[in-house]
Amino acid sequence: MSHSPSVPDAIHRSTSRGRGIRFSGVSKAFTVGNGARTSAVREVDLEIAERQFVALIGPSGCGKSTLLRLADGLLEPDTGRIEIGDAPPRPGPAIGMVFQNFRLIPWRSVAGNVGFALEGQSLDRTELNHRVQAQLEQVGLAGWAGHYPAQLSGGMRQRVALARALIGRPSVLLMDEPFASLDAQTRELMQDDLLALWERQHPTVLFVTHSVDEALLLADRVIVMGGGAVLEDLRVDLPRPRRSTDARRATEYGRLREHLWSRIRDLVLADPTSAFFGRHVQADRERG
Amino acid sequence: MSHSPSVPDAIHRSTSRGRGIRFSGVSKAFTVGNGARTSAVREVDLEIAERQFVALIGPSGCGKSTLLRLADGLLEPDTGRIEIGDAPPRPGPAIGMVFQNFRLIPWRSVAGNVGFALEGQSLDRTELNHRVQAQLEQVGLAGWAGHYPAQLSGGMRQRVALARALIGRPSVLLMDEPFASLDAQTRELMQDDLLALWERQHPTVLFVTHSVDEALLLADRVIVMGGGAVLEDLRVDLPRPRRSTDARRATEYGRLREHLWSRIRDLVLADPTSAFFGRHVQADRERG
Amino acid sequence: MRLGVLALLMLLWAVAADNVSRNIIPSPLETFEAARRLWADGRLPTALGASLVTYLGGFALAVAFALPLGIVMGAFGLLGRTIEIYVYALAATPRVAFIPLIILTLGLGIEAKLFVVFLGAVMPIIINTYAGVRQADPDLVEMARSAGASRSRIFRAIVLPGAVPYVLAGLRIGATIGLINTVVAELYTAVTGLGGLLALYGNTFRMAEYFVIVLTLAAIGVVVTEVLRLLELRLTRWSN
Amino acid sequence: MRLGVLALLMLLWAVAADNVSRNIIPSPLETFEAARRLWADGRLPTALGASLVTYLGGFALAVAFALPLGIVMGAFGLLGRTIEIYVYALAATPRVAFIPLIILTLGLGIEAKLFVVFLGAVMPIIINTYAGVRQADPDLVEMARSAGASRSRIFRAIVLPGAVPYVLAGLRIGATIGLINTVVAELYTAVTGLGGLLALYGNTFRMAEYFVIVLTLAAIGVVVTEVLRLLELRLTRWSN
Amino acid sequence: QSDAPFRLIVTHLEPPLVPNSVMDLAETLGYFDQEGVNVELVRVQQTPSALAALQAGEGEMANIGVDALLQAIAAGATDLRAVTSPNKALPFLIAANDEILTVGDLAGASFGVGRIGSLDHSLSSLVLDSMGADIEQSQIVTLGQPSVRAQALAAGQIDATTMSIGTWLSLPDTSGLHVLVDQDAYFAAAPLVNKVNAVPGEVLAERPDDVAAVIRALIRISRDVAADPQLWVDGMAEALPDADTAVLDMLVTSFATSWSVNGGMSADELTYTADWLYGTEDFSAVPPLALEDWVSFAAVDAALASLGAAAGMDPADR
Ligand SMILES: Nc1ncnc2c1ncn2[C@@H]1O[C@H](COP(=O)(O)OP(=O)(O)OP(=O)(O)O)[C@@H](O)[C@H]1O
Ligand SMILES: Nc1ncnc2c1ncn2[C@@H]1O[C@H](COP(=O)(O)OP(=O)(O)OP(=O)(O)O)[C@@H](O)[C@H]1O
Ligand SMILES: [Mg+2]
Ligand SMILES: [Mg+2]
């Protein structure tokens, strides 16, 4: 199996090499109610090299999910241009997307949801089933193929969404807090799996997370967003693997972590446009 | 204002003192498809004292959400009995519930969603609006009262759900990963707010979390669930406040954290009924 | 866009009028002339008034009856499953079968007419309301229960708003069938209104006048469904 | 439970038969006798067969036409908004208005009858399908786009299954109206089938026989809607 | 006499182009008022509705087909009685397309009827029989309503059918069609009373004066029109502004002997009609009624007593 890949496998391998993502002057606003417009993404210029693993971090409502939808080609930017590889983004299984709110198809079983992303391709039934089953095993849902989404727990649903995004062996992975509903230990497992996949298939990854530690564990680069704009763009030059206590004790790790923490805390508390501006700050509060 | 509470305020104060929760031999199974039944909660015996802050932790799919729904009186147990105070649970604003998947009413504005929990009571319009507005400020959504759920980001939606659970000044709070969609900094803010509220109003809190650190930061007691059963029941005898680096360096904190971590890791990886059983474990992996 | 289609239809009509034999289809011009005449001599306004009273009255009754029934059927599962089969049986029974009974019990006057309109409009509204109520989002209903909402508040705040698109589609269908039954009622009980004129001109082959009545009925249908569309826009503002 | 209601209805019927003057309502026993007679002499089976062909054929045509149209109207917003008003206008136009045209173009045979049934059943299916398609979950549609699904696959996999409850309610209403229009068709074009028997027994005041036909029609309605209920159970298994 | 309006149910929507129009004209020309009866015309579309309304007490008198009356009585409405007939025989004719030149050509052609066994079917069969043709040689197409039969003929879907002269004349375009059997020949072959005014027993018992007054008014207007046909033409032209006066003139000549100047109640004709009806298919299962079980001459006799019987066209034999 491992020494002689079948022809379709080879094809998939070839498409699954990462492609770069480029945002140039991208803005997006939404119309709410009586014609008023909320700006969600403002003048974003960002270039992500192919095979790069980029974490996106920032306070609630700052435009992270919107940026991902733009990158997937699901939203048209109001101004500016987005390119994946050399072309505007075209949604498809080659760009894997994990939505923040899962978006499972309620009338399809777990297997049907995961297989959905592959149905456009002309795979034969057994090949498809085989790949779905393998992907379900990967996310720890091997025994649940026949269940419907309403019969799953929150974390299980998230893993189905994850499996659906990965099954197309995408060259670009857009992940919106893909592990938020998982317990810490399952989350570690999934993080390791993601890193292993990244090292094997080299997709370009844009990964939204709420956890500074997760960002520093996974990413080559951390982008900080605030109020729709890119505020900071940090290289993470830590050696991999980074899970060990030693790695976490490195001064570079501590410096980055402290910097990101205070940067986002400022965004949340000290930015006059923030919803929490003026909230009493316990100045004496320390962080570990 | 603060020295002469109005009459309704006084009433609310009086109902908002915590009530204990008792599970005796509670089991719950769900029917899936062709009559097969999945057991979600098994033989749970659990007694939570009034005003206690209890964290519930365990691998994905182990029955945490189901236990919360049972405690709210939304599900009938198959066997066993549940009591809140001296009576079976009766859903209502006195038991605040934050659902894992938010469950906002799509056709109601943010204010309408938060106010929903109070509409059963005969509050006059201005009092209601006043309380809704105060609650929205608390969760950092003061300017969003007129927006509809579809116009909010994931974290904003979660905060609306939080506000809705809190507005009834509940004597029992059931929270299912209430901060999962929040960035780490906003999450801290909300954690502190929750603790302040707990110290002011003394509700009994049953709090599902996926983070060992969050459990140890907030709770008097941590319950570990696995496969539907209660596996462990740990007292957390750490002094409050616990946010400081010093507190986290305490040996007791380290001991509890290490214990919980390995316990749940074993549940995820080493339990033969686990979905991840047999998954290759990096034995040399250390944790910080 | 709509106007463009309208122009196209007019053209088609003119061509059809020219080509269909034996004056079965009057030309647009003849029809317009007939409309002017009928309007001027007061026949059309009188008939229109009479029909509108029957139509709107019967439709209002149907709404007032069908909405609560559909809701109750959806709300109390057992009740719904028990009576739905009878509702369907009744729905499938041709109106003409009831005409003698209706005349016997309600006579030939406005009561009988209202009832015939009612009978036609009531079924789609019941069926759609019933379907809409049964499709309520169980997660939201559970949330409302958790918030301590009473059964009736759950209905008003969760189930009904969720069923709005169904109810509106039901009202649309009910409105069109109600209009058709207005004509039936005016034919089978004491002959009045637009239905009476339709029969009169149909039986005497005055096709231009006949078309005027048909177009008037179509226009009523359009106005009512446009009103329902505005209602829909108002009620579903939240989803953009 | 249903049987209990049935027994109650039978009782009511017997009482009504006894008390309504002038034999307008035959007793259950007379009706049963008439049914036996009509069945034995072959009239009822023949008429039933003829009506069923008309009914099922016309209904099938309506489904084949209305589902795609409703889908297309819902899918292409502009098209939907442009033509919906004409659809409603057409829906509100009484069928009898079309009878001359139908006779002219389709004659008196089965084609004309199928078309009348079609006309009646097609509207509710279009309106409900249209409403159902427009109610598709935008989040799921976006997810499907993200997965690279083609327009047609999004339709087949997301929009249509989501519209199933609407479509089924539309089919229910369409089925009942189609049955009613079967009778209309059998009265207004060449007289045949159950509609013909209904006219015969109605005009000659043989009320027991008349009731047999009415009950037969109701029974067809029940069977068809039960079939639709089974279909619904199959299609919505996923929600328990 | 009672103050309550006397509701007369008719099955036409505007004055028809046949002698039955005297009911409408008696109202517009004031004949009912002159007899001191407050008549209100109730218009319904068809005989079944008229009968149901009569039985529901929604009217005191209804102009309905004799066949329907006999059926209703047989079905249990035993107190209904025919009391007068303002237009005994509707002027029917058989129209056909131009390919049908003689009744013989009908063999193999399609012939439209209401229903198998309906009155128009039986009548047509009788008429054609008397002319030496057999309707069963034609292909019978059942079409229900008279207007549908006319439409089907006009649309070329059938080759021939029976219709009233009023329907024939209101057809917008009769090119390619012609009258195969005209109304006189038709009536000569089928001299039947086909419409009568019926009242329930209760009305006969409680409002005999009103019934007599209505009949008097109808007899008087019939006599006036018979004497002065222009009266009918003018009355109709007033009621139907769209009508062509040339057509009215032509019609009134053909109606010259059709007016019910004696109330239209000849015992012989009624007996003949009933006997013939009982021989048709629709009545195969219906036990025959005696004349006095469906006709009451008392009211018309009371009217004739005060007005005197007229000689000529409308025999008042008992
Ligand atoms: N469909 C929409 N209509 C109107 N406003 C929207 C819509 N989608 C997003 N927004 C607004 O755009 C802004 C950014 O939203 P977005 O979902 O991108 O935030 P986010 O960074 O993903 O936040 P979170 O971490 O809470 O998920 C928010 O203010 C939100 O209210
Ligand atoms: N409505 C339902 N029908 C069938 N099975 C269900 C249903 N709800 C929950 N389950 C099953 O019960 C078990 C426990 O689910 P529950 O949602 O309580 O887990 P959880 O501990 O909250 O997990 P997570 O952390 O992933 O949210 C799961 O195996 C799930 O599949
Ligand atoms: Mg987001
Ligand atoms: Mg859960």
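Residues numbered from 1 in each chain as written. Chains lettered and ligands numbered in written order. Predicted model: local features only at pLDDT ≥ 70, side-chain atom pairs only at ≥ 80, totals over all residues. Heavy atoms only, no water.

J.: Outline the sheet that holds strand β8 (residues 221–226) of chain B, listing residues and values.
T.: Hydrogen bonds between backbone atoms are what pair the strands of a sheet, whose relative direction is either parallel or antiparallel. All names here are of chain B. Taken in spatial order, the six strands line up as β5-β6-β7-β3-β8-β9 in an open sheet, and their pairing is mixed. Edge positions in the open sheet fall to β5 (95–98) and β9 (229–235), since each of these has one partner strand only. Looking at each pair of strands side by side, their axes are set apart by 15° on average, direction ignored. Here four bridges tie β5 to strand β6 (residues 172–176), and the two strands are oriented parallel to one another. Residue pairing for β6: Val98 is matched across the bridge by Met175. In this fold helix α5 (residues 154–166) packs onto β5 and β6, with an angle of close to 170° to the strand it touches most, β5. (Pairing = 2+ DSSP bridges. Helix = DSSP H or I, 4+ residues; strand = E, 2+ residues; numbered from the N terminus. Axes fitted to C-alpha atoms, helices over the stretch in contact; angles between N-to-C directions. Contact = heavy atoms within 4.5 Å.)

J.: Pulling in residues and values, what's your account of the packing of aromatic side chains?
T.: This structure, assessed with the given rule, holds 18 aromatic pairs over all chains. Here Phe115 of chain C and Phe118 of chain C contribute two aromatic rings whose centre-to-centre distance is 5.8 Å and whose plane-to-plane angle is 20°, an arrangement assigned as stacked. Taken together, the positions of Phe115 of chain C and Phe118 of chain C, both in helix α6 (residues 110–134) and three residues apart, correspond to about one turn of that helix. Under the relative-accessibility criterion, Phe118 of chain C is labelled buried at 13%. Aromatic side chains Trp232 of chain E and Phe255 of chain E sit 5.7 Å apart centroid to centroid with 80° between the ring planes, which places their arrangement in the edge-to-face category. With Trp232 of chain E in helix α11 (residues 229–239) and Phe255 of chain E in the loop between α12 (245–254) and α13 (267–278), this pair connects stretches of sequence that are 23 residues apart. With relative accessibility at 1%, the residue Phe255 of chain E sits in the buried group. One aromatic cluster is present, built from ring pairs that chain together Phe53, Phe179, Trp198 and Phe207 of chain A. (Phe/Tyr/Trp six-rings, centres within 6.5 Å; stacked < 30°, edge-to-face > 60°. Buried < 20%, exposed > 50% of the residue type's maximum accessible area, 1.4 Å probe, protein only.)

J.: Before we move on, can you summarise the coordination of the magnesium ion (ligand 4) with the specific residues and values?
T.: Six octahedral donors around a metal ideally sit at 90 or 180 degrees from one another, while four tetrahedral donors ideally sit at 109.5 degrees. Coordination sphere of the magnesium ion (ligand 4), protein contribution only: Ser65 of chain B (OG) and Gln100 of chain B (OE1), at 1.9 to 2.2 Å. Here the residue Ser65 of chain B occupies a position in helix α2 (residues 64–71), and Gln100 of chain B occupies one in the loop between β5 and α3 (110–116), the gap between them amounting to 35 residues. (Donors = N, O, S within 2.8 Å, 3.2 Å for Na, K, Ca; no water.)

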